[in-house]
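Per-entry structural report
Here's the letter readout for the chains.
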Amino acid sequence: YFGRRVSQQNVNVNKKQRKAGESMRGFMDENFLLSTETAVALYHQYAKQMPIIDYHCHLSPKEIDEDKRFKNITEVWLYGDHYKWRAMRANGIDEAYITGPASDYEKFLAWAKTVPMTIGNPLYSWTHLELRRFFGIKEILNETTAPMIWERANSLLSEPSFSARNLIKKFAVEVICTTDDPVDSLEHHKNLKNDPSFTTKVLPTFRPDKGLEINRDGFVEWVQKLEQVSGIAIKTYDRFLEALESRIEYFHSVGCRLSDHALDDVVYEEGTIDNVANIFLKRLKGENVSFHEERQYKTVTLLHLAEMYAKRGWAMQLHIGALRNNNSKMFQLLGPDTGYDAMNDGEIAKPLVKILDSLERKNALPKTILYCLNPKDNHTLASIIGSFQGGVPGKMQFGTAWWFNDTKDGMIAQMKALANLGLFSRFIGMLTDSRSFLSYTRHEYFRRIVCRLLGEWVEEGEVPNDLEFLGRIVQDISYYNAKTYFSFGSEM
């Protein structure tokens, strides 16, 4: 009886849905994520065709320079993608089929087995967006469809039009900013800059984390590499700063306009230049540096670097709050960036404000983008940037929802915090933060959510139903704000 009653209820529900017409929508149709008529109009008329400026990613400039061809979909899709690796582990997939010795086909099948379990996770949407936008494959990926999808995707990947550069061109990517160590030669960036056949600008980003982490293994060896590439004998802290500035100038000459710092812990510990010089020399001699001394060194060095960025009109990115390499056993086996990180919950407001205020007092605060990994800090960062605005529209940015937060809910939460406390219309928008050439669909995902949010505000009567006005805001957030903010200038 109960079963018959439930069945009848389902029939009644289905009848109501059919009468409503719009109640039942097809999976990932053309209006995916667009919940109002205004959102539909904003996306299709204003957002959809905008070029992409991917101002923070982890793509390989070497692979772009060499126009890499991919032997199969696993190589372009699963290699290095710790988002997918985490999901596969949660689904009980053996490590052999994730980072281990299994064949690429076996790893693809393991991912196909996991995909149906990712409903509610953005990986489900991203997976099918990538299959549709790059390969024209509309079938749902699962264990049944996997062999067919493997064959079709690999057949396309064998064509020249699916090389690394052509995947970039397919999404009208105007600028790519990679993530680069100060000791990198940037040879591939220079090759690309001088190649008239490829119009996308591939620019370096200065990422000096290894120079700030004075207590980590390899610090002294890294300083020796810096010495070699800069041609400056680093016997003192002053010469160390000189060598860093020489590399900043070199990066600038190749088109760099951004720095990037991983501030897993935000620290501010005042110290004199003499204090820090002695700390630096201690470490070069192989002596231990105390916790207090490490904080002094990091603070003073970051402030010096920020002044160098400001002098050149760069933007400084601060990625705040990662708790890295939590599984020590797997860290020993696989190393960093393999899917064993999480959100940190430490104090950030006071030390961060002290850093920014110290630079502001010297008129040396660069354009700055603050990203938080823990959403508890959304309103903290959105309020802090308001304390240091001025001189440049949107000078201080609350960066887009990052890493664990680049979900539909995470993006909406970040944008609402910014809108409530700052200027949503000055937001510089989305980035991929990815190692995959198939990640450009994330910009579509983001733009649909921007249009969804604005459409809901119109629906509630919170903003005027002025499509042209709102359309300009959508295009600014999708493209124009970033283009103006980063001052790529002739590099554009």
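Everything numeric in this text was worked out from a predicted model, so none of it was measured. (Residues numbered from 1 in each chain as written. Predicted model: local features only at pLDDT ≥ 70, side-chain atom pairs only at ≥ 80, totals over all residues. Heavy atoms only, no water.)

Regarding the overall build of the protein chain
When its secondary structure is counted, the protein chain shows 21 helices and nine strands. The globule rule puts the C-alpha radius of gyration for 492 residues at 23 Å, and the 24 Å found for the protein chain is close to it. Counting only C-alpha atoms and orienting by the principal axes, one finds that the protein chain spans roughly 80 × 55 × 55 Å. Classification of the 492 residues of the protein chain by burial places 54% in the buried group. Sequence-distant contacts, at least 24 apart, represent 77% of the contacts inside the protein chain between residues at least 6 apart. Counting every atom, the protein chain has about 21800 Å² of accessible surface; 48% of that belongs to carbon and sulfur. One way to put it: in the protein chain the 61 positive side-chain charges average out to a point 4 Å from where the 64 negative ones average out. (Helix = DSSP H or I, 4+ residues; strand = E, 2+ residues; numbered from the N terminus. Rg over C-alpha atoms; globule rule 2.2 N^0.38 Å. Buried < 20%, exposed > 50% of the residue type's maximum accessible area, 1.4 Å probe, protein only. Contact = heavy atoms within 4.5 Å. Areas by Shrake-Rupley, 256 points an atom, 1.4 Å probe, with all protein chains shown as cover. Lys, Arg positive; Asp, Glu negative; His and termini not counted. Charge placed at Lys NZ, Arg CZ, Asp CG, Glu CD.)

As for the sheet that holds strand β8 (residues 367-372)
Taking strand neighbours across the sheet as the criterion, the four strands line up as β4-β5-β8-β9 in an open arrangement whose pairing is parallel. Each end of this open sheet is capped by a strand with a single partner; those strands are β4 (258-263) and β9 (396-398). The average angle at which neighbouring strand axes cross in this sheet is 15°, direction not considered. For strand β5 (residues 315-320) and β8, the ladder comprises six bridges, and the chain directions are parallel. Counted as the bridge partner of Met316 is Thr368 from β8. (Pairing = 2+ DSSP bridges. Axes fitted to C-alpha atoms, helices over the stretch in contact; angles between N-to-C directions.)

Looking at the pattern of salt bridges
By the definition in use, this model includes 31 salt bridges. One salt bridge connects Asp209 with Arg207, and the closest N-O pair in it is separated by 2.6 Å. The exposure classification of Asp209 matches that of Arg207, with both residues buried. A salt bridge links Arg448 to Glu444, with the shortest nitrogen-to-oxygen separation between them at 2.9 Å. One end of the pair is Arg448 and the other is Glu444, both in helix α20 (residues 441-459) and four residues apart, which spans about a single turn. Neither Arg448 nor Glu444 differs from the other in exposure class; each is buried. Several salt bridges share partner residues, and in doing so they unite Lys68, Lys71, Glu75 and Asp104 into one network. (Salt bridge = Lys/Arg side-chain N within 4 Å of Asp/Glu carboxyl O.)

Digging into the sheet that holds strand β3 (residues 201-203)
An order of β1-β2-β3 is seen for the three strands of this open sheet, with the pairing classed as parallel. For this open sheet the edge positions go to β1 (52-54) and β3, each flanked by a neighbour on one side alone. Sheet twist, expressed as the mean angle between neighbouring strand axes with direction ignored, is 10°. One ladder, built from three bridges, connects strand β2 (residues 173-177) with β3; its direction is parallel.

Quick look at the pairing of β8
For a regular strand, side-chain orientation follows a simple rule: the groups alternate between the two sheet faces. Extensive coverage of β8 is indicated by the burial of six of its six residues. Of the two faces of β8, both are covered, the one formed by Lys367, Ile369 and Tyr371 as well as the one formed by Thr368, Leu370 and Cys372. Summarising the sheet, β8 and β9 pair through three bridges and their orientation is parallel. Pairing of Leu370 across the sheet is with Phe398, part of β9. Read from β8 through helix α18 (residues 378-385) to β9, the crossover connection turns out right-handed. (Right-handed = clockwise from strand over helix to strand, strands pointing away.)

Examining a negative patch on the surface
There is a patch of like negative charges on the surface, built from Glu37, Glu459, Glu460 and Glu462. Structurally, the position occupied by Glu462 is in the loop between α20 and α21 (467-485). Judged by its relative accessible area of 55%, Glu462 is exposed. (Patch = residues over 30% accessible without salt bridge, like charges linked within 9 Å, V, L, I, M, F, W, Y side chains within 5 Å.)

Points about helix α12 (residues 219-230)
Spanning twelve residues, α12 covers 16 Å between terminal C-alpha atoms, matching the ideal 16 Å at 1.5 Å per step. Within α12, the full set of buried residues consists of Phe219, Val220, Trp222, Val223, Leu226 and Ser230. What you see down the axis of α12 is that its buried residues fit within an arc of 160°, all on one side. Packing partners of the buried residues in α12 comprise α11 (209-212), α13 (237-253), α14 (273-284) and α15 (291-311). One or two steps after α12, the chain reaches Gly231, where phi turns positive at roughly 75°. (Expected span 1.5 Å × (residues − 1). Arc of directions from axis to C-beta.)

Let's talk about unusual backbone geometry
Located in the positive-phi region is Met28, a residue other than glycine, with phi close to 50°. One can find Met28 in the loop between α1 (2-20) and α2 (37-47). Exposure remark for Met28: the relative accessible area of 5% places this residue in the buried category. Positive phi outside glycine occurs at Leu186, with the angle close to 65°. Its place among the elements puts Leu186 in the loop between β2 and α10 (187-193). Look at Leu186 and you get buried, because its relative accessible area is 4%.

Details of helix α7 (residues 122-135)
The terminal C-alpha atoms of α7 lie 19 Å apart, and with 14 residues this matches the ideal 20 Å at 1.5 Å per residue to within 8%. The buried count for α7 comes to 13 of 14 residues, which makes it a mostly enclosed element. Between a side-chain oxygen at the N-terminus of α7 and the backbone nitrogen of Leu123 the separation is 2.8 Å; the capping residue is Asn121. Positioned one or two residues after α7, Gly136 has a phi angle of 70°, which is positive. (Polar contact = N/O pair within 3.5 Å; in protein donor to acceptor, adjacent residues only side chain to side chain.)

Some words on the side chain of Thr205
Tracing the backbone through its elements, the reader meets Thr205 in the loop between β3 and α11. Look past the residues within four positions of Thr205 in its chain and what remains in contact with it is Tyr55, Cys177, Thr178, Thr179, Asp180, Phe251, Cys256, Leu258, Ser259, Asp260 and Gln317.

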